[in-house]
Amino acid sequence: MVTAHGAQRRNPRRRDRHGRGLRGQLYPANLPAARSRSERFDAVVLEALEPIEARWRTELTELDVAVDDVPEVLGSAPDELSWGEDVVEDGSVPLARLVPAGVDSRGVPTRARIVLYRRPLEARARDGADLSDLVHDLLIEQVASYLGLDPDIVDGE
């Protein structure tokens with residue numbers, strides 16, 4: 001379409017704002033490729049937890065599983081960090097933590113929970129299968145610690 005001054009006007013239905021290309025989702029939301037890294041990690045955790053929970057359902061009713069991106073570090077020098085016995089670490093980097101049940105700062109009772117740290121785990125895994133195995137092993141170890149059992153018993157070996 002040409003305007004009165006001879007300049008061409010673009011069709012508004014085909015508008016490409018600022019030359020950035022088409023807008024919208026690359027994949028439909030229902031496809032696995034459309035999931036974010038954190039959503040894919042959550043799916044790996046749920047898949048790894050399923051057989052453990054199926055076997056130990058009654059013993060795990062008071063246990064929650066959570067995912068954090070990275071562990072919280074409170075103003076210490078890196079060489080002075082000490083994570084405690086409830087933390088599974090690789091070198092000095094925490095991978096998971098078992099937080100016992102207790103009472104929070106407001107006096108409200110809290111449930112026991114296992115916290116998995118997504119980014120350190122993803123950094124140590126070579127691929128998806130390796131990540132799945134690593135998450136499964138950590139969950140076995142943390143559930144065994146929570147129940148006071150040997151990890152081989154929890155895993156069913």
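Residues numbered from 1 in each chain as written. Predicted model: local features only at pLDDT ≥ 70, side-chain atom pairs only at ≥ 80, totals over all residues. Heavy atoms only, no water.

1. Quick word on the overall build of the chain
Move 1: Scanning the chain from N- to C-terminus turns up four helices and six strands.
Move 2: In the chain, the proportion of contacts linking residues at least 24 apart, taken out of those at least 6 apart, comes to 53%.
Move 3: Total accessible area on the chain is roughly 11500 Å²; 48% of this is exposed by carbon and sulfur atoms. (Helix = DSSP H or I, 4+ residues; strand = E, 2+ residues; numbered from the N terminus. Contact = heavy atoms within 4.5 Å. Areas by Shrake-Rupley, 256 points an atom, 1.4 Å probe, with all protein chains shown as cover.)

2. With respect to the pairing of strand β6 (residues 112–117)
Move 1: Here β6 lies mainly inside the structure; five of its six residues are buried.
Move 2: Judged from the six bridges that link them, strand β1 (residues 63–68) and β6 form a sheet pairing that is parallel. When the sheet's bridge partners are listed, L63 is paired in β6 with A112.
Move 3: Strand direction decides the pairing type here: strand β3 (residues 93–99) and β6, joined by four bridges, are antiparallel. For R97, the partnering residue across the bridge sits in β6 and is V115. (Buried < 20%, exposed > 50% of the residue type's maximum accessible area, 1.4 Å probe, protein only. Pairing = 2+ DSSP bridges.)

3. Regarding the side chain of D130
Move 1: Assignment of secondary structure puts D130 in helix α3 (residues 128–147).
Move 2: In contact with D130, other than residues within four places in its own chain, are R124 and A125.

4. Some thoughts on the sheet that holds β3
Move 1: Taken in spatial order, the four strands of this open sheet run β1-β6-β3-β2, and their pairing is mixed. Across the chains shown, the open sheet's two edge strands, defined by having one partner strand only, are β1 and β2 (87–90). The sheet shows a mean angle of 15° between the axes of neighbouring strands, taken without regard to direction.
Move 2: The sheet contact formed by β2 and β3 spans four bridges and is antiparallel. Bridge assignment links V87 to a residue of β3, and that residue is R97.
Move 3: Helix-sheet contacts for helix α1 (residues 37–56) involve β1 and β6, and the interaxial angle to β1 is about 155°. (Axes fitted to C-alpha atoms, helices over the stretch in contact; angles between N-to-C directions.)

5. Section: the nonpolar core
Move 1: Core analysis: the largest hydrophobic core is formed by 26 residues, its most contacted members being I52, L116, L121, V135 and L139.
Move 2: Of all the secondary-structure elements, those providing two or more residues to this core are α1, β3, β6 and α3.
Move 3: Beyond its immediate sequence surroundings of up to four residues, L139 is in contact with V45, A48, L49, I52, V65, I114 and L116. (Core = buried A, V, L, I, M, F, W, Y, C linked by side-chain atoms within 4.5 Å.)

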